[in-house]
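For reference, the chains in residue letters:
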Amino acid sequence: MIMGLIRHGQTSWNALGKIQGQTDIPLNEEGIRQAQTLANRIASEDRRWDAVVSSDLRRAEETARIIAETVGISQLASDPRLRERYFGEIEGTTAADRLLRWGDEWPIEAAGVENEESVIARASSFIEQWKSEHQDISLLVVSHGNFMASMLPLMCSSAPDEHIGNLSYSILQLNDEGWTPLLYNCTAHIQKD
């Protein structure tokens, strides 16, 4: 099994530095352009993908649709397990907003934030289902930055702890020893464009 992990393209809230969480914000024009740039990259590469699946939030679904249409693969039904972490009352705030309202302890003080155990349980459920039911598939997965920051270490313990940028592209291959990264958090397609 090979899994390609992609963070969705830019939204207006990304551009403003606002945390989105599960607030359903669509791609902005830049995000659409970014998704097309990555889709063109994937279509031009030798590696072939069988399908793409995404979170059920619009920004991920739109990114997956652009990739599916450009690459010529199926876009599977969206999977709510791939949603971004729910950030409760933090959603829609900038770093300055959070500091003003809750101070430096905002990650602890703000109410309603989904805990790490819940995010890991969703990611683990998704990974285990695909491993057990579809061992021979090459699957692209479009999700969200914070979610992927929790998912990647589950798959590859040596994954660096670094920011997952918009339209980041990682490829992991499952073998007898576990998941091996073939490409990690790559945004060369955005930088080149």
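Look up a bit, the structure's there.
Just so we're clear, the structure is a prediction, and the values are computed from it rather than from any experiment.

Side note on the nonpolar core
With 24 residues, the main nonpolar core has Met 3, Leu 5, Phe 126, Leu 139, Val 141, Met 151 and Met 155 as its most contacted residues. When residues of this core are traced back to their parent elements, those giving at least two are strand S1 (2-7), strand S2 (51-54), helix H6 (116-133), strand S4 (138-143) and helix H7 (145-155). Once residues lying within four places of it in the same chain are set aside, the contact partners of Leu 5 are Val 141, Met 148, Met 151, Leu 152, Met 155, Ser 168, Tyr 169, Ser 170 and Leu 172. By size, the runner-up hydrophobic cluster in this structure holds 20 residues, among which are Leu 27, Ile 42, Leu 140 and Leu 167.

Observations regarding the pairing of S1
The element S1 is extensively covered by neighbouring structure, given that six of its six residues are classed as buried. The alternating pattern of S1 places Ile 2, Gly 4 and Ile 6 on one face and Met 3, Leu 5 and Arg 7 on the opposite face, and all of these are buried. Of the pairings in the sheet, the one linking S1 to S4 comprises six bridges and is parallel in character. The residue of S4 that forms the bridge with Leu 5 is Val 141. Relative to strand S5 (residues 169-175), S1 runs antiparallel, the two being bridged by five bridges. Its bridge partner lying in S5, Leu 5 is registered against Ser 170.

Scoring rules and cut-offs
Residues numbered from 1 in each chain as written. Predicted model: local features only at pLDDT ≥ 70, side-chain atom pairs only at ≥ 80, totals over all residues. Heavy atoms only, no water. Core = buried A, V, L, I, M, F, W, Y, C linked by side-chain atoms within 4.5 Å. Buried < 20%, exposed > 50% of the residue type's maximum accessible area, 1.4 Å probe, protein only. Helix = DSSP H or I, 4+ residues; strand = E, 2+ residues; numbered from the N terminus. Contact = heavy atoms within 4.5 Å. Pairing = 2+ DSSP bridges.

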